[in-house]
Amino acid sequence: MKATFDREALLQAANIINSVVPSRSPRPILENLRLIVEENSARLQATDLETIGLTMELRSIRVDETGDVLIPAAQLVQMLRALTDEEVLLESSDSSVRISGEYSEYELPAEDPQLYPEVAGFEEGDSHQVQADALRRLIERVVFATAQESFRYAMNGVLWELDGEKVRLVATDGRRLAVADGVAIPHGAHASQGSPVVPTRAMTILERNLGDPGEPVFVRLRQQDCLFRTSRLVLHARLVEGRFPPYREVIPKNVAAKVTLTAGPLLAAVKQAAVVADPERGHGVDLSFQRNKLILEASSQDRGGRAKVQLPIEYTGEKLEVRFNPRFLVEMLSVLEADQEVVFEYQGREKAAAFRAGSDYLYVVMPMAREGA
């Protein structure tokens, strides 16, 4: 193999692919990137073999000889960062690969690429198509609500529901629930079956590497795995095992009151009150809805200090009081536009509350217990 690459483009691709390379593995071969060079194209691949595989198309290359080579991932990234040339030449033999610029060169040992696990590709067939900016918004609005290493494995990912021209992403950690709806174009008879849950890590990698807002992203859900394809990237992930909780059962149905708020001002007020809150010790932020104002208060006996923030709102109903973990509110409000109207739905101080942003986003969160309530 012998080919010339744009150094910066190769470095960016290597950084992306390196995100799935295990730093330590009982199979050392997985600590490599696989570079496949064909007549008019090249691809970088990596997999952790357990959860995720990535393939990235490389552009701006000149191919002298086709070939297939394994390159130690960490060293490749370090060398590309150290070189200052606009272009770099990669040459490989059976036992080594050489990376060189105009005045510098590196040589690394190379293993047999035929021993590297196969990384799944996105072949033609049934799928759904989602616009990149729409998919980015869907992922951002739910991924923060996934569980962190829950023993209920299905919470460690995002539920996908595809039906006709509708796509829904759902995430929960058992204390809050995020539901985002969007539009998807079906190709063939593709639809989600059962409860396909895509790992959180795969969703994060995909969201970070969505390019042009108008670019189409193709989605394929299968029995045990899923595939996503952009113009340059193919992501393959194994689905999370287990059944996702029946999330529709926790969506509030008997709403006692509704209050319309604005995301930006509410976010700022929660952050101000949260400075002295200590939710780990049960000290959250109290929200008191009163005539034409929302009062947010927090205090902590352990940390000391007290905060009181007043926010003007349009509300003329009875006084409502509820306490929340401020992080749960901040994370939700941070993914909304500052001028987005948010409808707060109240069932009672000890019952799940909901926040709705338009007709395509729902966030349900359990309040914290209040002393003496």
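That block above? That's the structure.
Residues numbered from 1 in each chain as written. Predicted model: local features only at pLDDT ≥ 70, side-chain atom pairs only at ≥ 80, totals over all residues. Heavy atoms only, no water.

**Looking at the overall build of the protein chain**
Counting its regular elements, the protein chain contains six helices and 26 strands. By its C-alpha atoms, the protein chain is 75 × 50 × 35 Å across when sized along the principal axes. Counting every position in the protein chain, which comprises 373 residues, the buried fraction comes to 51%. In the protein chain, of all internal contacts separated by at least 6 residues, the share reaching a separation of at least 24 is 68%. Carbon and sulfur atoms provide 44% of the accessible area of the protein chain, an area that totals close to 18500 Å². (Helix = DSSP H or I, 4+ residues; strand = E, 2+ residues; numbered from the N terminus. Buried < 20%, exposed > 50% of the residue type's maximum accessible area, 1.4 Å probe, protein only. Contact = heavy atoms within 4.5 Å. Areas by Shrake-Rupley, 256 points an atom, 1.4 Å probe, with all protein chains shown as cover.)

**Quick notes on the sheet that holds strand β9 (residues 105-109)**
Across the sheet, which stays open at both edges, the five strands sit in the order β5-β1-β7-β8-β9 with antiparallel pairing between neighbours. Taken across any chain shown, the strands that pair with only one partner, and hence form the sheet edges, are β5 (61-65) and β9. For this sheet the average axis-to-axis angle between neighbouring strands, irrespective of direction, equals 15 degrees. Two elements, strand β7 (residues 87-92) and strand β8 (residues 96-100), share four bridges in a ladder whose sense is antiparallel. The partner of Leu 89 across the bridge, within β8, is Ser 100. Along the sheet, helix α1 (residues 7-18) contacts β1 (2-6) and β7; its crossing angle with β1, the most-contacted strand, is approximately 90 degrees. (Pairing = 2+ DSSP bridges. Axes fitted to C-alpha atoms, helices over the stretch in contact; angles between N-to-C directions.)

**What about the side chain of Thr 55?**
Looking at the element boundaries, Thr 55 is found in strand β4 (residues 52-58). A polar contact is formed between the side chain of Thr 55 and the side chain of Gln 45, at a distance of 3.3 Å. (Polar contact = N/O pair within 3.5 Å; in protein donor to acceptor, adjacent residues only side chain to side chain.)

**Side note on the packing of helix α3 (residues 132-142) against helix α4 (residues 200-208)**
In contact at an axis separation of 10 Å, α3 and α4 are set at 140 degrees when each is read in the N-to-C sense. Between α3 and α4, the angle is such that the two are oblique. Between α3 and α4 lies a crossing whose hand is left-handed. Here Leu 135, Arg 136, Ile 139 and Glu 140 of α3 lie close against α4, whose contacting residues are Met 203, Leu 206 and Glu 207. Its residues assigned to classes, the contact of α3 with α4 comprises four nonpolar, no polar and three charged. (Parallel < 35°, antiparallel > 145°, perpendicular 65-115°, else oblique. Left-handed = near helix turned anticlockwise from the far one by under 90°. Nonpolar A, V, L, I, M, F, W, Y, C, P; charged D, E, K, R; others polar.)

**What about unusual backbone geometry?**
One non-glycine residue with positive phi stands out, namely Leu 49, at about 70 degrees. Looking at where Leu 49 falls in the secondary structure, it is placed in the loop between β3 (42-47) and β4.

**Remarks on the pattern of salt bridges**
Summed over the entire model, instances satisfying the criterion amount to 20 salt bridges. Two residues, Glu 345 and Arg 356, come together in a salt bridge whose shortest N-O distance is 2.8 Å. Pair noted here: Glu 345 is in strand β24 (residues 341-346) and Arg 356 is in strand β25 (residues 353-356), with a separation of eleven residues, a long-range link. The class of Glu 345 is buried, set by a relative accessible area of 5%. Each of Asp 173, Arg 175, Arg 176, Arg 327 and Glu 331 takes part in one network of salt bridges that share partners. (Salt bridge = Lys/Arg side-chain N within 4 Å of Asp/Glu carboxyl O.)

**A word on the sheet that holds strand β18 (residues 233-238)**
Pairing is antiparallel in the open sheet, where nine strands are placed in the order β6-β2-β3-β4-β18-β17-β16-β10-β14. Looking at strand neighbours, the two that pair on one side only are β6 (67-72) and β14 (185-187), the edges of this open sheet. Ignoring which end each strand starts from, the neighbouring axes of this sheet average 20 degrees apart. The pairing of strand β17 (residues 225-229) with β18 spans five bridges and is antiparallel. Note that in β18 the partner of Arg 229 across the bridge is Val 234. Sitting on the sheet, helix α2 (residues 73-82) touches β2 (32-37) and β6, and the angle it makes with β6 is about 90 degrees.

**Brief notes about the nonpolar core**
Generally speaking, nonpolar side chains in soluble globular proteins are found buried as a group. One finds Phe 5, Leu 35, Trp 160, Phe 289, Leu 296 and Phe 344 to be the most contacted residues of the largest nonpolar core, which totals 113 residues. Ranked by residues supplied to this core, first place goes to helix α5 (residues 263-274) with six residues. Look past the residues within four positions of Trp 160 in its chain and what remains in contact with it is Leu 135, Val 167, Arg 168, Leu 169, Ser 192, Pro 196, Val 198, Met 203, Val 219, Leu 221 and Phe 228. Grouped together as the second largest cluster of nonpolar side chains are 14 residues, Leu 159, Leu 177, Val 179 and Ala 354 included. (Core = buried A, V, L, I, M, F, W, Y, C linked by side-chain atoms within 4.5 Å.)

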